[in-house]
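What follows is the residue order along each chain.
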Amino acid sequence: MAFVITSPCEQEKAGECVEVCPVDCIEEGKDMFYIDPDICIDCGACEAVCPVEAIFMEEEVPDKEHEYIALNRKFFEEE
Ligand code: SF4
Ligand code: SF4
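Residues numbered from 1 in each chain as written. Chains lettered and ligands numbered in written order. Predicted model: local features only at pLDDT ≥ 70, side-chain atom pairs only at ≥ 80, totals over all residues. Heavy atoms only, no water.

I'd like a rundown of the overall build of the protein, residues and numbers included.
Secondary structure summary: the protein contains 4 helices and 4 strands in total. Counted from the first residue to the last, the protein has its helices and strands arranged as β-α-α-β-β-α-β-α. Relative to the globule expectation of 12 Å for 79 residues, the C-alpha radius of gyration of the protein, 11 Å, shows essentially globular dimensions. Taken along its principal axes, the extent of the C-alpha atoms in the protein is 25 × 25 × 25 Å. In the protein, which comprises 79 residues, the proportion classed as buried is 38%. Nonlocal contacts in the protein, meaning residues at least 24 apart in sequence, comprise 69% of its contacts between residues at least 6 apart. The centroid of the 5 positive side-chain charges in the protein is displaced by 8 Å from the centroid of its 22 negative side-chain charges. (Helix = DSSP H or I, 4+ residues; strand = E, 2+ residues; numbered from the N terminus. Rg over C-alpha atoms; globule rule 2.2 N^0.38 Å. Buried < 20%, exposed > 50% of the residue type's maximum accessible area, 1.4 Å probe, protein only. Contact = heavy atoms within 4.5 Å. Lys, Arg positive; Asp, Glu negative; His and termini not counted. Charge placed at Lys NZ, Arg CZ, Asp CG, Glu CD.)

How would you explain the site of ligand 2 if you had to name every residue and give the values?
Lining the immediate surroundings of ligand 2 are 14 residues, of which Cys21, Cys40, Cys43, Gly44 and Cys46 lie closest. Classifying every residue of the shell around ligand 2 gives 12 nonpolar, 1 polar and 1 charged. (Near = heavy atom within 4 Å. Nonpolar A, V, L, I, M, F, W, Y, C, P; charged D, E, K, R; others polar.)

Hey, could you go over the side chain of threonine 6 for me, with residue numbers and the actual values?
Relative to the helices and strands, threonine 6 is located in the loop between β1 (3-5) and α1 (9-12). Taking relative accessible area as the criterion, threonine 6 reaches 0% and is therefore assigned buried. A distance of 2.7 Å separates a polar side-chain atom of threonine 6 from the backbone oxygen of alanine 54. Apart from residues no more than four positions distant in its own chain, threonine 6 is found in contact with Met32, Ala54, Phe56, Val61, Glu65 and Tyr68. (Polar contact = N/O pair within 3.5 Å; in protein donor to acceptor, adjacent residues only side chain to side chain.)

Give me the pattern of salt bridges: which residues, what numbers.
Applying the stated criterion across every chain, the model contains 4 salt bridges. Among the ionic pairs, lysine 30 bridges to aspartate 31, the shortest N-O distance being 3.6 Å. For lysine 30, a relative accessible area of 73% gives the class exposed. Under the relative-accessibility criterion, aspartate 31 is labelled partly exposed at 42%. (Salt bridge = Lys/Arg side-chain N within 4 Å of Asp/Glu carboxyl O.)

Written out as structure tokens, the structure reads:
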């Protein structure tokens, strides 16, 4: 389980979430930010500060955003 960043981040992308993450697992990609699911401790701090509600617990990601679960994981696999 982990938190997942979804499509609304693509327009906002100001990085507020990065500043509050206690384990430093949010990184900036080309179009948006991503959460490393292997490091996230599910604290919810990032979700609380995201101004566009782009961040969800994995099991609460809306159906139309489901591809982002794999996209967050993939970003860190390719590093
Ligand atoms: S706070 Fe939300 S919109 Fe801003 S960078 Fe983080 S996930 Fe993206
Ligand atoms: S839920 Fe907590 S640990 Fe996971 S990405 Fe957000 S701030 Fe970081």
